[in-house]
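Here is what each chain is made of, one letter per residue.
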Amino acid sequence: MTAAPDRYRPVRRMLARDQGESHRVSTPLELFFDLCFVVAIAQAGRELAHALAAGHLSVALTGYPMSFFAIWWAWMNFTWFASAYDVDDVPYRLTTLVQITGVLVLAAGIPRLFEDQDLALVVAGYLLMRLAMVTQWLRAARSESGPARTAALRYAVGIMVVQAFWVGLLFVPHGLVAPLFPVGVIAELAVPAWAELHNPTPWHRHHIAERYGLFTIIVLGETVAAATVATQAALDEHRAVAELLPIAAGGLLICFGAWWIYFADDAHPYLRSGRTALSWGYGHYLIFASAAAVGAGLEVAVEHAVGVAHISQRAATAAVTVPTALFLFTVWALHARHHKRGAAQAVLPLAALSVLAATLAGKAGVLAAGLLVALAVTVGIALSAKKTAPERS
């Protein structure tokens, strides 16, 4: 009797995958993993919208970055590990499902984090995800040797040490949670740099670029969903069509334009070294967080239009324009500037500044921001067409 093909074995050696593997795409498990993270993103966005609409700016500026960091970092660590060591066997799948459970627990704790900086549930869910990640790295270390084994062990040790810090944060006074939080962030960000100092993990650049692109689509989809639900609820209760139509139109233009701008250029040609990949991967925190915040901002703008939000018109408009401008500038910094030449280099930075200026447009600010994003897309297309047009004799 012949042995079963390796792909049918329930348990396999966790050896690194081929960096030059052709046609490497996201697996159904990775897609399921991403979709489950939408629950946590939706919770963070909803709480951000509530805090901004109530005028609790300090709550919004602490609770949202903290909760979104936990979501993004857990997603990012899984994504890069899977790019290098996804063997898709039974233990790998079960461990990934544990990580999904962890993000659902984290999502349940986000409202408490916003309300009184109660980290208990958030840390519990985060620990579940991160300790599951430790088992994956230990499994990889068992199958590897030499520098690759050292890198895997460094990941496992580094993650466990930082998790001890997060547990310790549960026992400090609430007033010290926000000041101490950046210490844990810096420690988390330092682990990959330390682990891969002498032996970078063999991630697949086409696969990584696709994974980040898919997650961007998911975040933008959540933004559209949040804005749609808020608009529908406002229409059902207040029938304020004239007030809500410009916000809905502006919001759609922003989301459509954000998708177009992000995918205007391929990212994988830029991901040729560990250093560039590290800055590119870390920088996506701002892309994901700002894209999700646009949805929260649109909720705030809708609530202000029907007289529910207790903030000024300018503040309600800024809830949309500020994250939109941040998204545009960060996409330029991470993607566009590596592909653009000449006047095209200035399109997104100028668009970001113009969107910020649209905050001063009052009720028309969201629509103005949407039109400016659409204009940036149009100008970008025109400049690209001009650059690629065949020369005439």
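Think of each chain on its own: its residues are numbered from 1, step by step along the sequence as written. Local features in this predicted model are restricted to residues of pLDDT 70 or higher, and side-chain atom pairs are both shown and tallied only at a pLDDT of 80 or more, whereas totals for entire chains, interfaces and linings draw on every residue. Side-chain figures throughout are based on the complete set of non-hydrogen atoms in the structure, without hydrogens or water.

### Some details on the packing of helix 1 (residues 28-53) against helix 2 (residues 57-85)
Fitted lines through C-alpha atoms give the axes, limited to the stretch in contact for helices. The angle between two N-to-C directions lies from 0 to 180 degrees. Only runs of H or I of at least four residues qualify as helices and only runs of E of at least two qualify as strands under DSSP, and these elements are numbered from the N terminus. Orientation of helix 1 relative to helix 2, taken along the N-to-C sense of each, is 170°, at an axis distance of 9 Å. When the interaxial angle is binned, helix 1 and helix 2 end up roughly antiparallel. Along the contact surface, helix 1 presents Glu-30, Phe-33, Asp-34, Phe-37, Ala-40, Ile-41, Ala-44, Gly-45, Leu-48, Ala-51 and Leu-52, while helix 2 presents Leu-57, Val-59, Ala-60, Tyr-64, Ser-67, Phe-68, Ile-71, Ala-74, Trp-75, Phe-78 and Ala-82. Under this grouping Gly is polar, as are all residues other than the nonpolar Ala, Val, Leu, Ile, Met, Phe, Trp, Tyr, Cys and Pro and the charged Asp, Glu, Lys and Arg. Residue classes in the contact of helix 1 with helix 2 are distributed as 18 nonpolar, two polar and two charged. Note on terminology: angles under 35 degrees are roughly parallel, angles over 145 are roughly antiparallel, angles of 65 to 115 are roughly perpendicular, and the others are oblique. Contacts are residue-level and defined by heavy atoms, with any inter-residue pair within 4.5 Å sufficient.

### Observations regarding helix 10 (residues 313-334)
Here helix 10 spans 32 Å end to end across 22 residues, near enough to the 32 Å set by a 1.5 Å rise per residue. Considering bend angle alone, the principal kink of helix 10 is centred on Ala-319 and spans about 30°; proline Pro-323 follows within four residues of it. For a helix, the expected span equals 1.5 Å multiplied by the number of residues minus one. Bend, at a single residue, is the angle you get between axes fitted to the 7 residues ending at that residue and the 7 residues starting at it.

### Some remarks on empty space enclosed by the protein
Note on definitions: the grid is 1 Å and covers protein atoms alone; a cavity is a set of points where a 1.4 Å probe fits but cannot get out; a pocket is an open set with protein on both sides within 12 Å along at least five of seven lines; lining residues have an atom within 4 Å of a point. Grid points are joined across faces, edges and corners, and a volume is the space filled by probe spheres set on the points. In the structure shown here, the tally under the stated rule is two cavities of 30 Å³ or more. A volume near 110 Å³ is recorded for the largest cavity. Contributing to the lining of the largest cavity are Met-66, Ser-67, Phe-69, Ala-70, Leu-113, Leu-119, Val-122, Val-123, Tyr-126, Trp-166 and Phe-181. When contributions to the lining of the largest cavity are tallied by element, the ones reaching two or more residues are helix 2 and helix 4 (120-143). A breakdown of the residues in the lining of the largest cavity according to their chemical character gives ten nonpolar, one polar and no charged. The volume enclosed by the second largest cavity comes to roughly 60 Å³.

### Structural notes on the pattern of salt bridges
In what follows, salt bridge is the name for a side-chain nitrogen of Lys or Arg lying within 4 Å of a carboxyl oxygen of Asp or Glu. Per the counting criterion, the structure on display carries seven salt bridges. For Arg-24, the salt bridge goes to Glu-21, with nearest N and O atoms at 4.0 Å. With a 1.4 Å probe rolled over the protein chains alone, any residue whose accessible area is under 20% of its type maximum counts as buried; one over 50% counts as exposed, and the rest are partly exposed. Relative accessible area serves as the criterion here: at 26%, Glu-21 is assigned to the partly exposed category. Each of the salt bridges in this network shares a partner with another, and the network as a whole consists of Arg-17, Glu-21 and Arg-24.

### Re the side chain of Glu-188
The topology assignment puts Glu-188 in helix 6 (residues 174-195). The contacts of Glu-188, once residues within four sequence positions are left out, are Phe-69, Trp-73, Tyr-126, Arg-130, Val-162, Gln-163 and Trp-166.

### So, the packing of aromatic side chains
By convention, a stacked pair of Phe, Tyr or Trp rings (six-membered ring in the case of Trp) has centres within 6.5 Å and planes under 30 degrees apart, an edge-to-face pair has planes over 60 apart, and any other such pair is tilted. Applying the stated criterion across every chain, the model contains 31 aromatic pairs. One aromatic cluster is present, built from ring pairs that chain together Tyr-64, Phe-68, Phe-69, Trp-72, Trp-73, Tyr-126, Phe-165, Trp-166, Phe-181, Tyr-282 and Tyr-285.

### Quick look at a nonpolar patch on the surface
Patch membership requires over 30% relative accessible area and the absence of a salt bridge. Like charges are linked within 9 Å, and nonpolar side chains (Val, Leu, Ile, Met, Phe, Trp, Tyr) within 5 Å. In these tables, accessible area is a Shrake-Rupley quantity obtained with a 1.4 Å probe, and a residue counts as shielded only by the protein chains included in the view. Nonpolar side chains collect at one region of the surface, where Leu-131, Val-157, Met-160, Val-161 and Trp-194 lie side by side and expose about 450 Å² of accessible area between them. With three residues, helix 5 (residues 146-169) is the largest single contributor of residues to the nonpolar patch. Of note, Val-157 is situated in helix 5.

### A closer look at the confidence of the model for the protein chain
Every residue gets a pLDDT, meaning the predictor's confidence in that residue, from 0 to 100. Mean pLDDT over the protein chain stands at 89; residues scoring 70 or higher make up 94%. Ignoring residues within four places in sequence, the model shows residues 1-5, a span with pLDDT below 50, making two contacts including any to other chains.

### Considering the layout of surface pockets
Put simply, the largest pocket is a space of about 480 Å³. What lines the largest pocket is a set of 21 residues, and nearest its centre among them are Leu-48, Leu-52, Leu-61, Val-322 and Pro-323. Elements represented by at least two residues in the lining of the largest pocket include exactly helix 1, helix 2, helix 9 (274-305) and helix 10. No other element matches the six residues that helix 10 contributes to the lining of the largest pocket. Taken together, the residues of the lining of the largest pocket sort by class into 18 nonpolar, three polar and no charged.

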